[in-house]
Amino acid sequence: MNPIKFLCMVLILLGAVSFVANAGSIKDKIQGKWEVSVPDAPNGYQNFRLDVKVKDGIYKMDIKGDADLSNQTLSLKDEKLTANVYVSENVKVTIWEEKGIINGLAETSTGKLPLNFKAIK
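So, how was this worked out
- Residues numbered from 1 in each chain as written.
- Predicted model: local features only at pLDDT ≥ 70, side-chain atom pairs only at ≥ 80, totals over all residues.
- Heavy atoms only, no water.
- Buried < 20%, exposed > 50% of the residue type's maximum accessible area, 1.4 Å probe, protein only.
- Helix = DSSP H or I, 4+ residues; strand = E, 2+ residues; numbered from the N terminus.
- Pairing = 2+ DSSP bridges.
- Axes fitted to C-alpha atoms, helices over the stretch in contact; angles between N-to-C directions.
- pLDDT = per-residue confidence, 0-100.
- Phe/Tyr/Trp six-rings, centres within 6.5 Å; stacked < 30°, edge-to-face > 60°.
- Lys NZ or Arg CZ within 6 Å of the ring centre and 35° of its normal.
- Polar contact = N/O pair within 3.5 Å; in protein donor to acceptor, adjacent residues only side chain to side chain.
- Contact = heavy atoms within 4.5 Å.
- Core = buried A, V, L, I, M, F, W, Y, C linked by side-chain atoms within 4.5 Å.
- 1 Å grid on protein atoms, 1.4 Å probe; cavity = no way out; pocket = protein on both sides within 12 Å on 5 of 7 lines; lining within 4 Å.
- Points joined across faces, edges and corners; volume = space filled by probe spheres on them.
- Nonpolar A, V, L, I, M, F, W, Y, C, P; charged D, E, K, R; others polar.

Some thoughts on the pairing of strand β5 (residues 80–86)
Okay, so step 1: Residues L81, A83 and V85 point to one face of β5 and are all buried, whereas K80, T82, N84 and Y86, pointing to the other face, are not buried.
Okay, so step 2: Bridge count for strand β4 (residues 69–77) against β5 is three bridges, and the pairing is antiparallel. Across the sheet, the residue bridging to L76 is L81, located in β5.
Okay, so step 3: Counting the residues that bridge the hairpin from β4 to β5 gives two residues, and of these D78 lies at a positive phi of roughly 55 degrees.
Okay, so step 4: A loop of three residues connects β5 with strand β6 (residues 90–98), the two strands running antiparallel in sequence, and S88 in this loop sits at a positive phi of about 70 degrees.

The structure is reproduced here in structure tokens:
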């Protein structure tokens, strides 16, 4: 085989492996500031600003808006971040990335509520 063709094939293969390895990763994509809406939540719990930081490998988030919470810990497992937060009741929050979009779900006593994320630039 021609050495140039071989080198091109190797580079293409490495690029494809790198793309697949990073395709579903939320670890770097979630850091930063977000506007989060929860359209199906009760009045007073529909709009938040979220600030996600990583320090020493630990994900933390600050929540400002209809409820204010600081330094909430997020756990990473299977490319999903989860946290238990208290906003008038305990709520399990799950955040993941799918097809380049950050998605979320809040599990409450009244059911599961989708979270809509929009990056703040």
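Still more ground to cover, so stick around.
Overview of the sheet that holds strand β2 (residues 47–55)
Okay, so step 1: Strand order in the closed barrel formed by eight strands is β1-β2-β3-β4-β5-β6-β7-β8, with antiparallel pairing between adjacent strands. On average, each strand axis in the sheet is inclined to that of its neighbour by 30 degrees, with strand direction left out of account.
Okay, so step 2: With six bridges joining them, strand β1 (residues 32–37) and β2 adopt antiparallel strand pairing. Considered in β2, the bridge of V36 is made with F48.

Overview of the confidence of the model for the chain
Okay, so step 1: Residues of the chain with pLDDT of at least 70 account for 79%, and the chain-wide mean is 80.
Okay, so step 2: Averaged pLDDT values over the elements of the chain bottom out at 39 in helix α1 (residues 3–23) and peak at 95 in strand β8 (residues 111–119).

Focus on the packing of aromatic side chains
Okay, so step 1: Taken as a whole and judged by the stated rule, the model has one aromatic pair.
Okay, so step 2: With centroids separated by 5.9 Å and ring planes inclined at 85 degrees, the aromatic side chains of W34 and F117 adopt a geometry described as edge-to-face. Highlighted residues: W34 in strand β1 and F117 in strand β8, separated in sequence by 83 residues.
Okay, so step 3: Looking at W34, the relative accessible area reads 9%, which means it is buried.
Okay, so step 4: Its end group placed over the ring of W96, K80 keeps NZ or CZ at 5.4 Å from the ring centre.

Description of the side chain of D51
Okay, so step 1: Looking at where D51 falls in the secondary structure, it is placed in strand β2.
Okay, so step 2: Overall, D51 belongs to the buried group, its relative accessible area being 16%.
Okay, so step 3: A polar atom in the side chain of D51 sits 3.4 Å from the side chain of K33.
Okay, so step 4: Other than its neighbours up to four places away in sequence, D51 contacts G32, K33, K60, M61 and D62.

Comments concerning the nonpolar core
Okay, so step 1: With 27 residues, the main nonpolar core has I30, L50 and I95 as its most contacted residues.
Okay, so step 2: Within the residue set of this core, elements represented by two or more residues are β1, β2, β3 (58–65), β4, β5, β6, β7 (101–108) and β8.
Okay, so step 3: Discounting residues that sit within four places of it in the chain, L50 has contacts with G32, K33, W34, V36, M61, D62, I63, I95 and F117.

Side note on the layout of surface pockets
By rolling a water-sized probe across the atoms, one finds the places where empty space is left.
Okay, so step 1: The space that makes up the largest pocket amounts to roughly 410 Å³.
Okay, so step 2: Around the largest pocket, the lining is made up of 23 residues, and of these Y45, F48, V87, V91 and A106 lie nearest the centre.
Okay, so step 3: When contributions to the lining of the largest pocket are tallied by element, the ones reaching two or more residues are β2, β3, β6, β7 and β8.
Okay, so step 4: Considered class by class, the residues forming the lining of the largest pocket number 18 nonpolar, three polar and two charged.

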